[in-house]
Each structure stands twice: as C-alpha cells, then as structure tokens.
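Survey of secondary and tertiary structure
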Amino acid sequence: MDKKKGIEESALFVMDGVEATHDGMQYGTPKKFRKKKVEKIDVHELAREVRAGSRTQLSKAITLIESSNTSHKALAQDLLQELLPHTGNSVRIGITGVPGAGKSSFIEAFGTMLCEMGKKVAVLAIDPSSSLSGGSILGDKTRMEELVKKPNAFVRPSPSAGTLGGVHKKTRETMLVCEAAGYDVILIETVGVGQSETYVRGMVDFFLLLVLTGAGDELQGMKKGIMELADAIVVHKADGDNVRLAKKTVSEYKQILHFLQPATPGWMSTALPVSSWEKRGLDRVWDIVDEFKQTVVANNYWSIRRQNQTKEWFQSMITDHLIDTFYGDPTRKAQVQLLERQILDGQMTVTQGVDSLFRDDNILK
C-alpha cells in the first residue's frame, strides 16, 4: 500500500492551502484625518428660501437658531433681523395638559383638520431632556404620522434642554421664523403641566389646556394657577364609554371658570369635550379660537399682549445674559468654588457667602 496515499485518505489529512501574500485582512494606506470643512451660511439666501416656503431650509434656519456655537449665534440674529418684518401674522396657540392627556394626538388631529381647511400649520413640540445625559427622544414626528405627510404642515421637535417652562429657550425665535415662512397657525406643545409650565403663556395668543376624565379627583388635582391662564379647556378623549363622564366634567369646569378671573380681558374662558380618535369637537375648538381673535383684536388687547410679551422676553434675555456672563468669568468661578468649600465646612452661611461674593471685588486675596 502506498504510504502517501494512505495518509491522504486519512481524516487527519490537511490539504495544502493556497499560498497568499497577506493574512486575508485588507490593509491599505492609512487615511489622514481631515477636518470637516465648515459650511458657509449665506444668511440672505437662507432668509429668501425660508420666505419661499422651503421646509428643508426652514429646518436649517431653526437648527442655526438653536445652535450654541458662538459664530452661529451672530448669524442667527442676522437671519432674524432680516425676517422680522415678515413676522406677526399667525395665530399662536399654546397647548399644555397633564401627562397622558393626549396632547400629541390632539395636535395631529387638530393640525390635520386645519391643513385640510387650507391653513399652513407649524408644530413646535418640546420633548423633555434627560437630567442625566441631556438627551431627548424627540418622538413627536413618529407620533404625528398623518400630519407630517401634509405638504402645508411643518413639525419640529426640540429638546427642552433644561429650560424651565416646558419650552425650548429658543422657541420664541423659532416661532418668528415659522411666521416668516408663511405659516398661519403655530401650535406649541409643552412638556406637560408642572410648577413652571405656565411660561408658554407668555409667548402665545391663545392658551389651551387639555384635561382628562376618570383620573380621579381631576378638579382637585388640577392647579388653580394653570386654569386661570387657560382661554379654553378641552376635556379630551370624550369617546366610547367616556362620553357621558366627559360632558359632566365639561359642566363642572364651566362652573369653576365662572368664578376665576378671566385669562384674557374681555374673553370668557370655556370648556368643551373633544375626541381626536373620532374627530369630534375639533372644528368647535377652531371656531372658539377664531371667535377669541375677533374679540381680542376688537378690544385692542391682541396687540397689547404681544407688546407685553416682547418686553418680558427682553427682560428674561437680560437675566440670561447676566447669568452667562457671571459664570463665564474664570475669576468668579474660582470665587464661587472657594465659597462653596467654606460653606460646606461650616465657616459661613449660604447668605453670608452670597453677600461676600457680591461685596468683595477679589475674595481670593
């Protein structure tokens, strides 16, 4: 028997492989890291395309406004200055409510109805940011599938980014850009009712509060402060077996509203049942908004409110600038850190630390 042949027939035999000059991995010339070229932004062209109705360029403009980049901030203000003469022609509606009230469902149904009426609708939806990572899910576009398909609708989710009041700190400026783009109705969805959700009242014309039935003690659980700011209350999810209870809740809210100071001079706030699922009551909401505008424009409070809101915006921006300037000073940072250690060591009280910080020019010496 041929010895070599016997080895080849054995299960332990390993056939010679194909000779290669490498180990199978693709090795090439290492690529050099190249810094991404910074895109130059033509503010005049961007403003022109925003006014022409380009949703892509509108998104780009909002991204520029929300950017924390120093150079972007200057360009954003130039853009706003150019668009400012074309703003102020929309109806600004703030929408808030308890978590689970169906704000996104209502906005999609209401916005879709307005689009079908021929209105251009912009939705500025604010998602809560994580206090740990700072990130947001930004899921409103996926929850408003029908509305985002409308050519005359624009949905922009933004993170709250730690800003109190349930809105983004740039929501006001974003709203102005949407107005310049020709949107008739601006819907601002807040994070949800809380201690500081009333901030949105200071930037809208009409404030809508969504509530639920069957949640248990809904009237006692609702903060009086938020009810006093509402121009209308929508008892949502008034469908199926909940219709009877919704009507009863509407009646109770109407009685309460009679005893509260009107949110807007010359306007009596009201409550109504709405079902976004069955598309009932949505047209009545728009009728109320239209009636509200006619009433408030007639008594001149429409323009007065917007002027007051601009003044409040200016004052809040001063506060923000002072805070940024204070903490942006390295010397002040060192002073604060030293005082924090002294306070934690029990060498002084918190009040004494604050007084010392603003009294001494250089506490480190």
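Residues numbered from 1 in each chain as written. Predicted model: local features only at pLDDT ≥ 70, side-chain atom pairs only at ≥ 80, totals over all residues. Heavy atoms only, no water.

Let us now look at the nonpolar core. As a rule of thumb, nonpolar side chains are buried together in soluble globular proteins. Membership of the largest hydrophobic core comes to 44 residues, with the highest contact counts inside it found for Leu58, Cys178 and Ile233. Core analysis: the next-biggest nonpolar cluster, separate from the first, contains 37 residues, Ala101, Leu147, Val185 and Leu212 among them. (Core = buried A, V, L, I, M, F, W, Y, C linked by side-chain atoms within 4.5 Å. Buried < 20%, exposed > 50% of the residue type's maximum accessible area, 1.4 Å probe, protein only.)

Once that is clear, we can look at a nonpolar patch on the surface. Residues Phe314, Ile318 and Leu322 make up a contiguous nonpolar surface patch of about 320 Å² in total accessible area. Relative to the elements of secondary structure, Ile318 occurs in helix H13 (residues 301-327). What makes Ile318 partly exposed here is its relative accessible area of 37%. (Patch = residues over 30% accessible without salt bridge, like charges linked within 9 Å, V, L, I, M, F, W, Y side chains within 5 Å. Areas by Shrake-Rupley, 256 points an atom, 1.4 Å probe, with all protein chains shown as cover. Salt bridge = Lys/Arg side-chain N within 4 Å of Asp/Glu carboxyl O. Helix = DSSP H or I, 4+ residues; strand = E, 2+ residues; numbered from the N terminus.)

Let's shift gears to the layout of surface pockets. There is about 340 Å³ of room inside the second largest pocket. Lining the second largest pocket are 16 residues; nearest its centre among them are Leu84, Arg172, Leu176, Thr310 and Trp313. Listing elements by their share of the lining of the second largest pocket, those giving two or more residues are helix H4 (70-83), helix H8 (171-180) and H13. Grouping the constituent residues of the lining of the second largest pocket by class yields six nonpolar, six polar and four charged. (1 Å grid on protein atoms, 1.4 Å probe; cavity = no way out; pocket = protein on both sides within 12 Å on 5 of 7 lines; lining within 4 Å. Points joined across faces, edges and corners; volume = space filled by probe spheres on them. Nonpolar A, V, L, I, M, F, W, Y, C, P; charged D, E, K, R; others polar.)

Our next topic: empty space enclosed by the protein. Enumeration over the complete set of coordinates arrives at two cavities of 30 Å³ or more. In this structure, the largest cavity occupies an estimated 50 Å³ of space. Along the walls of the largest cavity sit Met227, Glu228, Ala230, Leu257, Leu260, Gln261, Pro262, Ala263, Trp267, Met268 and Ser269, which together make up its complete lining. Here the residues of the lining of the largest cavity sort into eight nonpolar, two polar and one charged.

Following the criterion strictly, the structure yields ten salt bridges and no others. The salt bridge partner of Glu179 is Arg92, with a shortest N-O separation of 2.7 Å. With Glu179 in helix H8 and Arg92 in strand E1 (residues 91-97), this residue pair connects regions lying 87 residues apart in the sequence. Take Glu179: its relative accessible area is 4%, and that puts it in the buried class. Across the pair Glu252 and Lys248 runs a salt bridge, and its minimum N-O distance is 2.8 Å. Separated by four residues within a single helix, Glu252 and Lys248 lie in helix H11 (residues 243-259), roughly one turn from each other. For Glu252, a relative accessible area of 23% gives the class partly exposed.

For Lys237, which is not glycine, the phi dihedral falls at a positive 60°. On the secondary structure map, Lys237 appears in the loop between strand E6 (232-235) and H11. In the Ramachandran plot, Lys279 falls in the positive-phi region, its phi being about 60° despite a non-glycine side chain. Positionally, Lys279 belongs in the loop between strand E7 (270-273) and helix H12 (282-298). Exposure remark for Lys279: the relative accessible area of 48% places this residue in the partly exposed category.

Topologically, Glu82 is positioned in helix H4. Relative accessible area serves as the criterion here: at 29%, Glu82 is assigned to the partly exposed category. Separated by 38 residues in sequence, Glu82 and His44 have C-alpha atoms that sit 7.7 Å apart. Apart from residues no more than four positions distant in its own chain, Glu82 is found in contact with Val43, His44 and Ala47. A polar atom in the side chain of Glu82 sits 2.8 Å from the side chain of His44. (Contact = heavy atoms within 4.5 Å. Polar contact = N/O pair within 3.5 Å; in protein donor to acceptor, adjacent residues only side chain to side chain.)

This part covers the packing of helix H3 (residues 55-66) against H4. Helix-helix packing is characterised by the crossing angle of the two axes and by the distance between the axes. Between H3 and H4, the shortest axis-to-axis distance is 8 Å and the interhelical angle comes to 130°. Classified by the angle between their axes, H3 and H4 sit oblique to one another. Here H3 and H4 pass one another in a crossing that is left-handed. Packed against H3, whose contacting residues are Ala61, Leu64 and Ile65, the element H4 presents His72, Leu75, Ala76, Leu79 and Leu80 at the interface. Classifying every residue of the contact of H3 with H4 by side-chain character gives seven nonpolar, one polar and no charged. (Axes fitted to C-alpha atoms, helices over the stretch in contact; angles between N-to-C directions. Parallel < 35°, antiparallel > 145°, perpendicular 65-115°, else oblique. Left-handed = near helix turned anticlockwise from the far one by under 90°.)

Okay, the pairing of strand E5 (residues 206-211) next. With respect to burial, E5 is a largely interior element, six of its six residues being buried. The side-chain alternation of E5 yields two buried faces, one formed by Phe206, Leu208 and Leu210 and the other by Phe207, Leu209 and Val211. As paired strands, E1 and E5 are joined by five bridges and run parallel to one another. Paired with Ile95 across the two strands is Leu208, which belongs to E5. Sheet analysis places E5 next to E6, joined by four bridges and oriented parallel. Bridging from a neighbouring strand, Leu209 pairs with Ile233 of E6. (Pairing = 2+ DSSP bridges.)

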